[in-house]
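Residue strings, one per chain:
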Amino acid sequence: IEEQTMLQAEIEEQPYGLPVVKDFLSILISLLSPEQSLKHNYSTKNLAFQLLTIVIEISGRNFPNHPSLMLLLSDSICKNLAYIFKNILYTKTSLLSSALQLFNVLCSQLGDKVELQIEFMFNLLLDFVIEDEEASDKKLAKAANDTNRKNVPTQTTSLMKEMVIDSISLLW
């Protein structure tokens, strides 16, 4: 009985564990949040994607054992990835590369736990790859008129499509 009491006291005194991991993931997710897009630059977002990739790569299989972590992963992280994939034409290639790496790790580690989110992101990626040149040019022209942005060069769009195809092909 005395051992159980000591063990219980040790567990309660530990200043680390699940709450720290949850806080760390929450901070990384806040760096990627579309609502915070003006507060953080691309290199900060890139670092956040890389750190999340490492976290999921190392301990992703344990996430389903902790519902609070799984909720962060299935909602917030997937929402931020979907935002990047939906606005792929306005994303820097380095950020897209990090997002695709995270997506691949997410598929390999937790594909059976977040099936709907992965299917949605696959649809976004495949829509971008399959989208014909005319529709893409019209979308870019409209965006350029609306926001005074320069058109995304065709080479960049082709490069992004190639990156997406390469990333998807790694999953097979």
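Up top is the structure these notes are about.
Description of the structure in this document. Each chain has its residues counted from 1, running along the sequence as written. Only residues with pLDDT of at least 70 are given local features in this predicted model, and only at 80 or more are side-chain atom pairs given and counted; all residues enter the totals for whole chains, interfaces and linings. No hydrogens and no water enter the side-chain calculation; it runs on all heavy atoms of the structure.

Let's talk about the packing of helix H5 (residues 93-110) against helix H6 (residues 115-130)
Packed helix pairs are specified by the crossing angle of their axes together with the interaxial distance, meaning the distance between the axes. Basically, it comes down to this: To obtain an axis, a line is fitted to C-alpha atoms, over the contacting stretch when the element is a helix, and the angle between two such axes runs from 0 to 180 degrees between their N-to-C directions. By the criteria applied, helices consist of DSSP H or I runs no shorter than four residues and strands consist of E runs no shorter than two, each listed in order from the N terminus. Definitions for this section: a left-handed crossing has its near helix turned counterclockwise from the far helix by less than a right angle. A right-handed crossing has that turn clockwise. Only heavy atoms enter the contact rule, under which two residues are in contact if any of them lie within 4.5 Å. When residues are sorted by character, Ala, Val, Leu, Ile, Met, Phe, Trp, Tyr, Cys and Pro go into the nonpolar class, Asp, Glu, Lys and Arg into the charged class, and all the rest, Gly among them, into the polar class.
Contact geometry of H5 with H6 gives a least axis separation of 11 Å together with a crossing angle of 145 degrees. The chirality of how H5 crosses H6 is left-handed. Contacts from Leu100, Phe103, Leu106, Cys107 and Leu110 in H5 reach Ile118, Met121, Phe122 and Leu125 in H6. In terms of residue class, the contact of H5 with H6 is built from nine nonpolar, no polar and no charged.

Structural notes on the pattern of salt bridges
Rules: What counts as a salt bridge is simple: a side-chain nitrogen of Lys or Arg found within 4 Å of a carboxyl oxygen of Asp or Glu.
Under the definition given, this model contains one salt bridge. Ionic pairing is found between Glu35 and Lys79, a salt bridge with its closest N-O pair at 3.8 Å. In this pair, Glu35 sits in the loop between helix H2 (18-32) and helix H3 (42-59) while Lys79 sits in helix H4 (residues 67-86), placing the two residues 44 residues apart along the sequence.

Focus: H4
Under the convention used in this document: Expected helix span is taken as 1.5 Å per residue step, with the number of steps being one fewer than the number of residues. What we call the bend at a residue is the angle made by axes fitted to the seven residues finishing there and the seven residues starting there. Relative accessible area decides the class of each residue, using a 1.4 Å probe on protein chains only: under 20% of the type maximum gives buried, over 50% gives exposed, and in between gives partly exposed.
Spanning 20 residues, H4 covers 27 Å between terminal C-alpha atoms, matching the ideal 28 Å at 1.5 Å per step. Largest kink in H4: about 25 degrees, centred on Cys78. Among the residues making up H4, those that are buried are Leu69, Met70, Leu72, Leu73, Ser74, Ile77, Cys78, Asn80, Leu81, Ala82, Ile84 and Phe85. Contact partners of the buried residues in H4: H2, H3, H5 and H6.

Quick notes on the packing of H2 against H3
Here is the rule: Any angle that falls under 35 degrees is termed roughly parallel, while one over 145 is termed roughly antiparallel, one within 65 to 115 roughly perpendicular, and all others oblique.
Between H2 and H3, whose axes approach to 9 Å, the crossing angle comes to 140 degrees. With respect to each other, H2 and H3 are oriented oblique. H3 is crossed by H2, and the crossing has left-handed handedness. Contacts between H2 and H3 involve Phe24, Leu25, Leu28, Leu31 and Leu32 on the former and, on the latter, Thr44, Lys45, Ala48, Phe49, Leu51, Leu52 and Val55.

Observations concerning the packing of aromatic side chains
The condition that has to hold: Here the aromatic set is Phe, Tyr and Trp, taking the six-membered ring for Trp, and pairing holds for ring centres within 6.5 Å; pairs whose planes are under 30 degrees apart are stacked, those over 60 apart are edge-to-face, and all others are tilted.
Inspection of the entire model under this criterion finds two aromatic pairs. Summarising the aromatic geometry, the rings of Phe85 and Phe103 are spaced 5.7 Å apart at their centres and angled 85 degrees between planes, so their arrangement reads as edge-to-face. Here Phe103 lies in helix H5 and Phe85 lies in helix H4, a separation of 18 residues in the sequence. Exposure remark for Phe85: the relative accessible area of 2% places this residue in the buried category. Since its relative accessible area comes to 0%, Phe103 is described here as buried.

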